[in-house]
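# Fold and geometry: a report
Given next are the chains, with one letter for each unit.
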Amino acid sequence: MNTPHKTIVLAATIYEDLALRDSASRLFDQIEEAPETHFSLDFAGVRSMSRSFADEYIARRAKSKKTITECNIPESVALMLEAVSHRSKKKGFKVDSVRTTIV
Amino acid sequence: MIPDLWREYERFCSIRRGASAAGVFDLSDLDWISPTTLLPLGSFLLSSKMRYVPPRDQAVAGYISTMFSADTASGELLKSYVPLVRLPRRNGEEDRVLGLIYRFHDHGRSYGGENAFKYLIAEMVDNIYQHSRFSNAFVMAQRYEKKGFVEVAIIDDGITIGGSLRGAGMRVDDDVDAIARILREGISAKGSDTRGYGIRSNARMFTDGLKGVVLIVSGSGAVELAFTMPEGVVRQNNYHLSGGSSSLQGTLVSVRIPFPSERVNVHEYTA
């Protein structure tokens, strides 16, 4: 029996730069609503992925009951997914001086 | 050293003060204008339907007219600017507007590299979609060859940063405190511990990494973070905007990035 399978080319479906959290969310809405159970997400042609997109992608992928595989992931995207998957505690950003003015 | 952005926003406030008295935006004395002044002005003109008196300086008058009316629909690369472009509502077209900004900036190659530049711009825009509940949002950019920096500004007419945090039940002292805490601590109205990384790492990357300036004006507060030379330090300037003449109904995020900038390793800032 053939497993219902679908390939989604992300650069064509979304854009070559995967930037917005909502775009990742829409992608998984589409996956969840589709009849297929197996999805291959093809990253060919993708140039970048933002942290917000990566965060939503990882969260939605973890929750999905569909079988999802990825292919052609560029190194910069792999590094972003890795960074978001293994995030450390937020570090405060120290500045050297603060000046306050009432306008 | 990159000149600060606050004075450009003050220029908008001064023009707006004059307009509330005269009923018209008088730009006749302007001899220079940048996106941090022009973007809130354009947004205000569109919402108020007021008219403006163009600058006497024909070059500046022509520039303003171009920035307000240039056609980006063809998607062709414009030479040194991104004119007033409306950010689409949530319809799947948002990524393509970002693509316009990326192409205009040659994918960020001169501004710390493609990964760093796109990370910065994407997080700026994504925050508007996630938090502001805007009706109208616009972006504008200008590259200054002789001055050696690019200025990118994004504005929305949403609920402000402080409004978003307060709406989520978070305690903030005022709008300056709200802006400073998202920039420096990475707090987020979404509450999740996975949220809030983006804007904080943006602030670090714009200043520490790219040696630039970032100004956020939201409601009755404004915070500017600037990398200053020759000291090589990051300075924070807070502005409490009392009364209506300087405050903003919504949020303006404006950045100046020097170019050419050394390549920034985005992953040093995303942890």
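Below, the structure is looked at part by part.

Definitions and limits used
- Residues numbered from 1 in each chain as written.
- Chains lettered and ligands numbered in written order.
- Predicted model: local features only at pLDDT ≥ 70, side-chain atom pairs only at ≥ 80, totals over all residues.
- Heavy atoms only, no water.
- Helix = DSSP H or I, 4+ residues; strand = E, 2+ residues; numbered from the N terminus.
- Rg over C-alpha atoms; globule rule 2.2 N^0.38 Å.
- Buried < 20%, exposed > 50% of the residue type's maximum accessible area, 1.4 Å probe, protein only.
- Contact = heavy atoms within 4.5 Å.
- Areas by Shrake-Rupley, 256 points an atom, 1.4 Å probe, with all protein chains shown as cover.
- Lys, Arg positive; Asp, Glu negative; His and termini not counted.
- Charge placed at Lys NZ, Arg CZ, Asp CG, Glu CD.
- Salt bridge = Lys/Arg side-chain N within 4 Å of Asp/Glu carboxyl O.
- Pairing = 2+ DSSP bridges.
- Axes fitted to C-alpha atoms, helices over the stretch in contact; angles between N-to-C directions.
- Polar contact = N/O pair within 3.5 Å; in protein donor to acceptor, adjacent residues only side chain to side chain.
- Nonpolar A, V, L, I, M, F, W, Y, C, P; charged D, E, K, R; others polar.
- Phe/Tyr/Trp six-rings, centres within 6.5 Å; stacked < 30°, edge-to-face > 60°.
- Lys NZ or Arg CZ within 6 Å of the ring centre and 35° of its normal.
- Core = buried A, V, L, I, M, F, W, Y, C linked by side-chain atoms within 4.5 Å.

## Notes on the overall build of chain B
Within chain B, the secondary structure is distributed over nine helices and nine strands. Computed over C-alpha atoms, the radius of gyration of chain B comes to 18 Å, within 12% of the 18 Å expected from 2.2 N^0.38 for 271 residues, which places it in the range of a compact globule. Considering only C-alpha atoms, chain B reaches an extent of 50 × 45 × 40 Å along its principal axes. Per-residue burial for chain B yields a buried fraction of 61% across its 271 residues. Of the contacts made within chain B by residues no fewer than 6 positions apart, 67% connect residues no fewer than 24 positions apart. Accessible surface, chain B as shown: approximately 10,800 Å² in total, 47% of it carbon and sulfur. Charged side chains of chain B number 31 positive and 31 negative; the gap between the two group centres comes to 2 Å.

## Examining the pattern of salt bridges
Proximity of charged atoms lets side chains of opposite charge pair with each other. Summed over the entire model, instances satisfying the criterion amount to 18 salt bridges over all chains. Between Arg-21 of chain A and Asp-55 of chain A there is a salt bridge, with the nearest N and O atoms lying 3.0 Å from each other. Here Asp-55 of chain A lies in helix α3 (residues 51–63) and Arg-21 of chain A lies in helix α2 (residues 21–33), a separation of 34 residues in the sequence. Across this residue pair, the class does not change: Arg-21 of chain A and Asp-55 of chain A are buried. Glu-151 of chain B is paired through a salt bridge with Arg-256 of chain B; the nearest N and O atoms lie 2.7 Å apart. Of this pair, Glu-151 of chain B sits in strand β5 (residues 149–156) while Arg-256 of chain B sits in strand β9 (residues 248–258); the two residues are 105 residues apart in sequence, bridging distant segments of the chain.

## Here we look at the sheet that holds strand β3 (residues 38–42) of chain A
All names here are of chain A. The strand order across the open sheet built from three strands is β1-β3-β5, with neighbouring strands paired in parallel fashion. Single-partner strands in this sheet number two, and they are β1 (5–9) and β5 (67–71). The mean inter-strand angle of the sheet, taken between neighbouring strand axes irrespective of direction, is 20°. Sheet topology note: the β1/β3 ladder contains five bridges and is parallel. Note that in β3 the partner of Thr-7 across the bridge is Ser-40. Against the sheet, α2 engages β1, β3 and β5, with an angle of about 165° to β1.

## Comments concerning the environment of Phe-43 of chain A
Residue and element names in this part refer to chain A. Tracing the backbone through its elements, the reader meets Phe-43 in the loop between β3 and β4 (48–49). Residue class for Phe-43 comes out buried when judged on its relative accessible area of 0%. For the pair Phe-43 and Thr-67, spaced 24 residues apart in sequence, the C-alpha separation works out to 17 Å.

## Notes on the interface of chain B and chain A
Counting from both sides, the interface comprises 53 residues of chain B and, opposite them, 38 residues of chain A. Summed over the shared surface of chain B and chain A, the number is three salt bridges. At the boundary of chain B with chain A, the tally comes to 21 residue pairs in polar contact (both at pLDDT 80 or more). Those elements that place two or more of their residues in the side of chain B that touches chain A are α4 (94–104), α5 (114–132), α7 (175–184), α8 (197–209), β8 (233–240) and α9 (267–270) of chain B. No other element matches α5 of chain B, which puts ten residues into the side of chain B that touches chain A. Here the residues of the side of chain B that touches chain A sort into 16 nonpolar, 19 polar and 18 charged. As judged from the six bridges shared by strand β6 (residues 97–102) of chain A and β8 of chain B, these two strands associate in the parallel manner. Following the sheet pairing, Val-98 of chain A is matched in β8 of chain B by Gln-236 of chain B.

## A short note on the sheet that holds β5 of chain B
Overall, mixed pairing links the eight strands, which are arranged β6(A)-β8(B)-β7(B)-β6(B)-β9(B)-β5(B)-β4(B)-β3(B) in an open sheet. The open sheet has two edge strands with one neighbour each: β6 of chain A together with β3 (81–86) of chain B. With strand direction ignored, the average angle separating the axes of adjacent strands in the sheet is 10°. Those strands touched by helix α3 (residues 58–69) of chain B are β3 and β4 (137–144) of chain B, and its axis lies near 45° from that of β3 of chain B. Lying on the sheet, α7 of chain B is in contact with β6 of chain A together with β6 (213–219), β7 (221–228) and β8 of chain B; it crosses β7 of chain B at an angle near 40°.

## Considerations on the packing of aromatic side chains
Residues and elements named next belong to chain B. Within the structure shown, the criterion is met by 15 aromatic pairs over all chains. Between Trp-6 and Tyr-9, the aromatic rings sit 5.6 Å apart at their centres with planes inclined by 40°, giving tilted as the arrangement. With Trp-6 and Tyr-9 both in helix α1 (residues 6–22) and three residues apart, the pair spans about one turn of that helix. With respect to burial, Trp-6 and Tyr-9 carry one shared label: buried. The interplanar angle of 40° and the centroid separation of 5.5 Å between the aromatic rings of Trp-32 and Tyr-144 together place this pair among those described as tilted. Placement of Trp-32 in the loop between β1 (25–26) and α2 (35–48) and of Tyr-144 in strand β4 is noted, with a sequence separation of 112 residues between them. Looking at Trp-32, the relative accessible area reads 25%, which means it is partly exposed. Among the aromatic residues, those joined into a ring-pair cluster are Trp-6, Tyr-9, Phe-12, Phe-25, Phe-44 and Tyr-239. Sitting above the plane of the Phe-134 ring, Arg-89 keeps its charged end 5.6 Å from the centroid. In this structure, Arg-143 packs its charged tip against the face of Phe-259, placed 3.9 Å from the ring centre.

## Observations regarding the nonpolar core
Residues Leu-10, Leu-27, Leu-41 and Phe-43 of chain A together with Leu-87 and Ile-121 of chain B are the most contacted members of the largest nonpolar core, which totals 82 residues. Here this core takes ten residues from α5 of chain B, the largest share from any one element. Once you skip the residues sitting within four places of it in the chain, Leu-41 of chain A turns out to touch Ile-8, Leu-10, Leu-27, Ile-31, Tyr-57, Ile-68, Thr-69, Glu-70 and Cys-71 of chain A. Counting 36 residues, the second-largest nonpolar core is a separate cluster that includes Tyr-9, Leu-45, Met-140 and Leu-252 of chain B.

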